[in-house]
Amino acid sequence: MLERIITQPDNYEPYLLSQAIKFGNLLFVSGQAGAGDDGKIVAGGFRAQGEQAFANLRRALEAGGSSLEDVIKVTIFVTDMGNFNEVVELRRQFFTAPYPADTIAEIKALYDPAAMIEIEAIAAVRPHTGS
């Protein structure tokens, strides 16, 4: 059974997208860009957008019962591969060993001309153990 994951705010609703879909013990998270709660790309350049994208990814993962520590595979889209070293630093900041499998690709454009990075992920959903 597919379960739609919704976050607040959900800037994807108007575009007929789910923030994430849970299937069994896997969570498939839609691409998360550097947009703030108002839906607008944050100021401050690539690093600021990357940090916001990871914050958005964390929110979607947690809404689906997962976490950054449970990411199995991540795909990172950038509009300029010149930011590759910043991507490595973002991975160091937000992921821990064992690091997830990763694909990074430079693309011509994202959904918003101001967007420079978008991150999608597949993560494990671990069973809850009562405390």
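Look up a bit, the structure's there.
Reference entry: report on the structure contained in this document.

This part takes up the nonpolar core. In this structure, Phe54, Leu57, Leu61, Ile117 and Ile119 are the most contacted members of the largest nonpolar core, which totals 24 residues. Listed by contribution, the elements that provide at least two residues to this core are strand E3 (26–33), helix H1 (45–63), strand E4 (71–78), helix H2 (84–94) and strand E6 (117–124). The element that contributes the greatest number of residues to this core is H1, accounting for 6 residues. Once residues lying within four places of it in the same chain are set aside, the contact partners of Phe54 are Leu68, Leu90, Phe94, Phe95 and Ile119.

Moving on, we get to the packing of aromatic side chains. Taken as a whole and assessed by the stated rule, the structure comprises 2 aromatic pairs. Between Phe54 and Phe95, the ring centres sit 5.3 Å apart and the planes meet at 75 degrees, which makes this aromatic pair edge-to-face. With Phe54 in helix H1 and Phe95 in the loop between H2 and strand E5 (101–106), the pair connects residues that are 41 residues apart, well separated along the chain. Its relative accessible area of 1% is what places Phe54 among the buried residues. A relative accessible area of 2% means that Phe95 is categorised as buried. Each member of the aromatic cluster is reached from another via a ring pair, and the members are Phe54, Phe94 and Phe95.

What follows is about the packing of H1 against H2. Packing of H1 against H2 brings their axes to within 10 Å, and their N-to-C directions diverge by 35 degrees. Remark: the crossing between H1 and H2 carries right-handed chirality. Within the contact between the two elements, H1 uses Phe46, Arg47, Gly50, Glu51, Phe54 and Arg58 and H2 uses Glu86, Val87, Glu89, Leu90, Gln93 and Phe94. Of the residues in the contact of H1 with H2, the class split is 5 nonpolar, 2 polar and 5 charged.

A few words now on the pattern of salt bridges. Where charged atoms from two side chains of opposite charge approach closely, those side chains can pair. Tallying each qualifying case throughout the model produces 8 salt bridges. Among the ionic pairs, Arg92 bridges to Glu89, the shortest N-O distance being 3.2 Å. Here Arg92 and its partner Glu89 are both found in helix H2, 3 residues apart, which amounts to about one turn of the helix. We classify Glu89 as partly exposed; its relative accessible area is 33%. Here the residues in one salt-bridge network are Arg47, Glu51 and Glu86, joined through shared partners.

Rules and cut-offs
Residues numbered from 1 in each chain as written. Predicted model: local features only at pLDDT ≥ 70, side-chain atom pairs only at ≥ 80, totals over all residues. Heavy atoms only, no water. Core = buried A, V, L, I, M, F, W, Y, C linked by side-chain atoms within 4.5 Å. Buried < 20%, exposed > 50% of the residue type's maximum accessible area, 1.4 Å probe, protein only. Helix = DSSP H or I, 4+ residues; strand = E, 2+ residues; numbered from the N terminus. Contact = heavy atoms within 4.5 Å. Phe/Tyr/Trp six-rings, centres within 6.5 Å; stacked < 30°, edge-to-face > 60°. Axes fitted to C-alpha atoms, helices over the stretch in contact; angles between N-to-C directions. Left-handed = near helix turned anticlockwise from the far one by under 90°. Nonpolar A, V, L, I, M, F, W, Y, C, P; charged D, E, K, R; others polar. Salt bridge = Lys/Arg side-chain N within 4 Å of Asp/Glu carboxyl O.

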